[in-house]
Amino acid sequence: MSFSLILCNARVANRGVAGATVDIAVSDGRIAAIEPQIPGEGERVDAGGRFVSPGLVESHFHLDKSRILDRVAPLEDRRATDYMKRVSAVKDSFTVEDIYARSRETLEQCMLNGVLHMRTHIEVDAPIGLRGFEAIERLAKDYAWGFDLQLCVFLQEGWTNVPGAEATVVKALERGATVVGGAPRYDSNGPAQIERIFAVAKDFNVDIDIHGDGGYTLDDTMAWQICDLTDRMGWGGRVAIGHGNKYSCMTDEQVAALGKRLAGAGVAVAVLPATDLFTSGRHQEHSVMRGVADANALVAQGANCSIATNNVLNPFTPYGDCSLVRIANMYANVVQRGTETDLSECFAMISDRPARMLRDDDYGIAVGNPADLVVWNAKSAAEVIATVAQPVMGFKRGRRLFTREAATLHRP
Ligand SMILES: [Zn+2]
């Protein structure tokens, strides 16, 4: 047999005897065989007994407003909540070229951190209109050789209270966006916006991903309405909620009930710890709440959840190295999840689980699937999260995508 690549000595989750390694053979960009030892011709790359995973999946991201920290007014008061205002103030300066350049830089950093799939939200409010969509649409085409990018369009600054706004969402969907999102919290009538999102999704037969349940009280929790509409429309498995800070204010019993409802309806939750931590508890002077939902507790009830980065270097989250593993580690630390099982689940929440949210049917290390492979400087999924392990190398459809040299200590 002849292969284009044989990745040898790889540790793969849920395969064979615990601790045993396998070889992964690639042909025509797909995984052709997974066996303890694969003879045959082809370029051999030694994974050195390291953990190998499919490419990570960012299920909730904003490429279009990444890297704008240098042009917004600084946050002067720790307790201020004017992130939106500070972003809005500079949106006029966003051109297609500008959005493309910033998004490209962020996307490349994500790739170098082992992320090979992403759903990015794109604002189409005035004054941006379709500029962001045009930029990201081009980026998706230009980087198709190394990255799968899913476009979700939404209105950040109001829908039902902004005459004509929905027309831009419709235009973007007509041009090929495959997901419709929303930010009902910034609408004068949140529930009405949610109704419109579902109606538009039905018209275009697209998936739904709504920013929801931010805040620190259980008033106006949107998840129930979203689950009801999902049931009514038969959209199970096609709907996600991003944030869910409110769920961190629930008792164990309430969280369990929510998890069951989400699982029954097929509504997923993406927890966004970097943003949720940065924006939560601004009303509190001390004993500041964390605002990060315990996704593990929802998963335990059968719900699908993911952990995602959301924002990079903007007023909502003035941080970011585009390492999704770092975000997952931060999540685990904050929700106090540290067992091997919990940490493996955290890894699933940046890989298999978000892949299911994005309905990526041929995701994962299995014969016949695309050879999207990342070699980690760790021996297991749990160790990747615990140690914020670096990806050593990555492959997209069997082609080497990146290589990271290990740091060297120069002894005397
Ligand atoms: Zn978001």
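Residue positions are counted from 1 within each chain, in the order its sequence is given. pLDDT decides what is reported in this predicted model: residues at 70 or higher carry local features, side-chain atom pairs at 80 or more are listed and counted, and totals for whole chains, interfaces and linings draw on all residues regardless.

1. Focus on the overall build of the protein chain
We apply this condition: Segments assigned H or I by DSSP are reported as helices when at least four residues long, segments assigned E as strands when at least two residues long, and all are numbered from the N terminus. Put simply, the radius of gyration uses C-alpha atoms, and a globule should come to 2.2 Å times the residue count raised to 0.38. Each residue is classed by its C-beta neighbour count within 10 Å, where at least 20 other C-beta atoms makes it buried, 12 or fewer makes it exposed, and intermediate counts make it partly exposed; the C-beta atoms are placed from backbone geometry.
Counting its regular elements, the protein chain contains 13 helices and 16 strands. Taken against the 2.2 N^0.38 rule, which gives 22 Å for 412 residues, the C-alpha radius of gyration of the protein chain at 21 Å falls within 12% of a compact globule. With 412 residues in all, the protein chain has 51% of them scored as buried.

2. Observations concerning the domain arrangement of the protein chain
Test applied: All domain edges in this entry derive from an automatic or database-based domain assignment. By definition, residues are in contact whenever their C-beta atoms, placed on the basis of the backbone, come within 7 Å of each other. Only Asp, Glu, Lys and Arg are considered charged in this grouping, and only Ala, Val, Leu, Ile, Met, Phe, Trp, Tyr, Cys and Pro are considered nonpolar; every other residue, Gly among them, is considered polar.
For the protein chain, the assigned domains are domain 1 (2-49 + 365-403) and domain 2 (56-357). Averaged C-alpha coordinates put domain 1 and domain 2 at centres separated by 30 Å. Residue-level contacts link 14 residues of domain 1 with 17 residues of domain 2. Residue contributions to the side of domain 1 that touches domain 2 peak at five residues, all from helix α13 (residues 381-387). Classifying every residue of the side of domain 1 that touches domain 2 gives eleven nonpolar, one polar and two charged.

3. Observations concerning the sheet that holds strand β9 (residues 179-182)
The criterion, for reference: A strand pair is defined by DSSP finding two or more bridges across the two strands. Geometry is summarised by axes, namely lines fitted to C-alpha atoms with helices restricted to the contacting stretch, and by angles between N-to-C directions that run from 0 to 180 degrees.
Pairing is parallel in the open sheet, where eight strands are placed in the order β6-β7-β8-β9-β10-β11-β12-β13. Every other strand in the sheet has two partners, leaving β6 (56-61) and β13 (305-307) as the edge strands with one partner each. If you compare each strand with its neighbour and ignore which way they point, the axes differ by 20 degrees on average. Pairing of strand β8 (residues 148-154) with β9 involves two bridges; the strand directions are parallel.

4. Quick look at the packing of helix α6 (residues 223-233) against helix α7 (residues 252-265)
Note the following rule: Working definition: roughly parallel below 35 degrees, roughly antiparallel above 145 degrees, roughly perpendicular at 65 to 115 degrees, and oblique for all remaining angles. Crossing handedness follows the turn of the near helix against the far one: under a right angle anticlockwise gives a left-handed crossing, and clockwise gives a right-handed one.
Where α6 contacts α7, the axes come no closer than 9 Å and their chain directions differ by 25 degrees. In terms of orientation, α6 lies roughly parallel with respect to α7. Along this stretch, α6 crosses α7, giving a crossing that reads as left-handed. Two secondary-structure elements touch here, α6 through A223, C227, T230 and D231 and α7 through L258, R261, L262 and A265. Residue composition of the contact of α6 with α7, by class: five nonpolar, one polar and two charged.

5. Quick word on helix α2 (residues 96-112)
What counts, and what does not: Expected helix span is computed as 1.5 Å times (number of residues minus one).
The first and last C-alpha atoms of α2 sit 24 Å apart over 17 residues, in line with the 24 Å expected at 1.5 Å per residue. Among the residues of α2, I99, Y100, R102, S103, T106, L107, C110 and M111 are the ones counted as buried. G114 sits one or two residues past α2 and shows a positive phi near 90 degrees.

6. A short note on unusual backbone geometry
As a rule of thumb, non-glycine residues mostly have phi less than zero, and peptide bonds are mostly trans rather than cis. Cis geometry is found at the peptide bond from A126 to P127, where omega equals 5 degrees. The topology assignment puts P127 in the loop between β7 (115-123) and α3 (131-142). Even without a glycine there, the phi angle at D220 is positive, about 55 degrees. With respect to the element layout, D220 can be found in the loop between β10 (207-212) and α6.

7. What to know about the nonpolar core
Heads up, the rule is: In this description, a nonpolar core means buried residues of the types Ala, Val, Leu, Ile, Met, Phe, Trp, Tyr and Cys, linked to one another by C-beta atoms lying within 7 Å.
Ranked by internal contacts, the top residues of the largest apolar core, which has 123 residues, are V52, V153, V269 and A328. If you count residues domain by domain, this core takes at least three from each of domain 1 (2-49 + 365-403) and domain 2 (56-357). Not counting residues up to four positions away in its chain, the partners in contact with V52 are L7, A10, R11, V12, I24, A47, I365, L373, V374 and V375.

8. Here's the deal with the pairing of strand β16 (residues 399-403)
As judged from the four bridges shared by strand β15 (residues 391-396) and β16, these two strands associate in the antiparallel manner. Following the sheet pairing, M393 is matched in β16 by T403. Where β15 folds back onto β16 in an antiparallel hairpin, the turn is made up of two residues, including R397, whose phi is positive at roughly 45 degrees.

9. A word on the pairing of strand β14 (residues 373-376)
A two-sided burial pattern is seen for β14, the buried positions comprising L373 and V375 on one face and V374 and W376 on the other. One ladder, built from three bridges, connects strand β5 (residues 51-54) with β14; its direction is antiparallel. Following the sheet pairing, V52 is matched in β14 by V375. Bridging between β14 and β15 involves four bridges; their strand directions are antiparallel. Bridge assignment links L373 to a residue of β15, and that residue is F395.

10. Remarks on helix α11 (residues 340-348)
The set of residues buried in α11 consists of L343, E345, C346, F347 and A348. Residues of α11 that are buried make contact with α9 (295-299), β13, α10 (324-334), α12 (352-357) and α13.

11. Structural notes on the packing of α2 against α3
Viewed as axis vectors pointing N to C, α2 and α3 meet at an angle of 45 degrees, and their least axial separation amounts to 8 Å. In terms of axis orientation, α2 runs oblique to α3. Judged by the sense of rotation from one axis to the other, the crossing of α2 with α3 is right-handed. Contacts from V96, I99, Y100, S103, R104 and L107 of α2 reach α3 at R131, G132, E134, A135, I136, R138 and L139.

12. Focus: the environment of F402
Inspection of the secondary structure puts F402 in strand β16. Judged by the 17 C-beta atoms lying within 10 Å of it, F402 is partly exposed. In sequence terms F402 and N113 are 289 residues apart; their C-alpha atoms lie 9.2 Å from each other.

13. Focus on the environment of P318
Looking at the secondary structure, you find P318 in the loop between β13 and α10. What makes P318 partly exposed here is the crowd of 16 C-beta atoms within 10 Å.

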